[in-house]
Amino acid sequence: MNDMLDPSKMAEATRLTRAGRLTQATALLQRMFRAGPPPDMTLGTAADIVIGSGLGLPGLVQPTPVSTPDIVPEGGQFIEATYSNPAGTRAYKLYIPSGYHGQALPLIVMLHGCTQSPDDFAAGTRMNLIAEEHACLVVYPAQSSEANAAKCWNWFRPSHQRRNQGEPSLIAGITRQVMHDYSVDPQRVYIGGLSAGAAAAAIMGATYPDVYAAIGVHSGLACGAANDIPSAVTAMRQGELSGFSRTGDMSAPLGHGSDVPTIVFHGDRDSTVHPRNGDHVIAQSQGATNLQEKVHRGRVPGGHSYTRTIHTDTSGREILEQWEIHGAGHAWSGGSTAGSYTDPRGPDAAREMLRFFLEHRSPTVAP
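Criteria and cut-off values
Residues numbered from 1 in each chain as written. Predicted model: local features only at pLDDT ≥ 70, side-chain atom pairs only at ≥ 80, totals over all residues. Heavy atoms only, no water. Helix = DSSP H or I, 4+ residues; strand = E, 2+ residues; numbered from the N terminus. Contact = heavy atoms within 4.5 Å. Pairing = 2+ DSSP bridges. Axes fitted to C-alpha atoms, helices over the stretch in contact; angles between N-to-C directions. Phe/Tyr/Trp six-rings, centres within 6.5 Å; stacked < 30°, edge-to-face > 60°.

A word on the environment of Thr-312
Mapped onto the fold, Thr-312 is located in strand β9 (residues 305-312). Distance from Thr-312 to Leu-291, taken between C-alpha atoms, is 5.4 Å for residues 21 residues apart in sequence. The residues touching Thr-312, leaving out its near neighbours within four places in the chain, are Leu-291, Gln-292, Arg-317, Glu-318 and Ile-319.

Section: the sheet that holds strand β6 (residues 214-218)
With mixed pairing, the 10 strands of this open sheet are ordered in space as β1-β2-β4-β3-β5-β6-β7-β10-β9-β8. The strands lining the two open edges of the sheet, one partner per strand, are β1 (77-85) and β8 (292-299). Adjacent strand axes in the sheet meet at a mean angle of 15° when their direction is disregarded. Packed on one face of the sheet, helix α5 (residues 118-125) meets β1, β2 (88-96), β3 (105-111), β4 (137-141) and β5 (184-194) and runs near 135° to β4. Relative to β4, helix α6 (residues 127-134) is tilted by about 155°, and along the sheet it contacts β1, β2, β3 and β4.

A closer look at the packing of aromatic side chains
Across all of its chains, the model carries 8 aromatic pairs by this definition. When the ring of Phe-78 is compared with that of Tyr-140, the centres are 5.6 Å apart and the planes differ by 85°; the resulting orientation is edge-to-face. One end of the pair, Phe-78, is in strand β1; the other, Tyr-140, is in strand β4, with 62 residues separating them in the sequence. A network of ring pairs unites the aromatic residues Phe-78, Phe-121, Tyr-140 and Trp-332 as a single cluster.

Here's what the structure looks like:
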């Protein structure tokens, strides 16, 4: 049997990773992948199971069944559609608020975590309910199990870190399709995500700065944090970046290369994606820009304490915002138990993320 399909080796790689024995797990993964997959195997299937299941990304447990009121406020619509291009086909769900009557509205793109679905993610984040209050459209692209066995966005593969290629082209295509089919303010298009979805959102901000006015990264990783499975394991478990990220040579994955306002949330007890990754997202977004910092500390009544760091430019405009949530693990902060991998003890990441988004407009209009 090919090593990549050997259940005992897969189980051992998972056990070593969970035990924190990264060196041994990485060595085993490298030995497994060296032989290469059989011709009929979906790219990265075995590795994806380790990344998506062995490391505990969102969706490990069966999501709580969601009811319509959890995801569709009264008067709103939650419809399904698909988008195709040469990179493949992806389904998505679009929330249309009750206040939409053909006027140009902001559009929020939400990227779920591993094994989650649009319904599960919408229920857990409560983004549709908050978008209803602010009259925003919300679209949830759905990763397929054919593209990734654990339904993770393939943020750790170079072929999915480039403009007009792979999954970035599909997510941008979904965004543009919604902009074509509905009335959307092109200066108020935003993207956010959780975990693997957050890593994908960071990639989208880096590769399509002309499309997205701001990005939100919850428990995720910076664009280019990994370029294969071993470097993904290292980035997630230790917060170490891959070689080409550390050198600062991001020309290949970034394409345009432009700073996009970014808000980051990360629990300081996250044992799935190391909290240091949130710092990397901020550092990458800041670049060489000289920003001033303001630090605020607070606590949600009956919930988590947090440190909120705001980075402003010389004019006082907020460019970056980082929330370090003390005592929180790998879960959407302030979310609902109607969805998987949420922490109701707050702060409310969806509300704060949407607030940050609506404070920013894109200076350019995407073609």
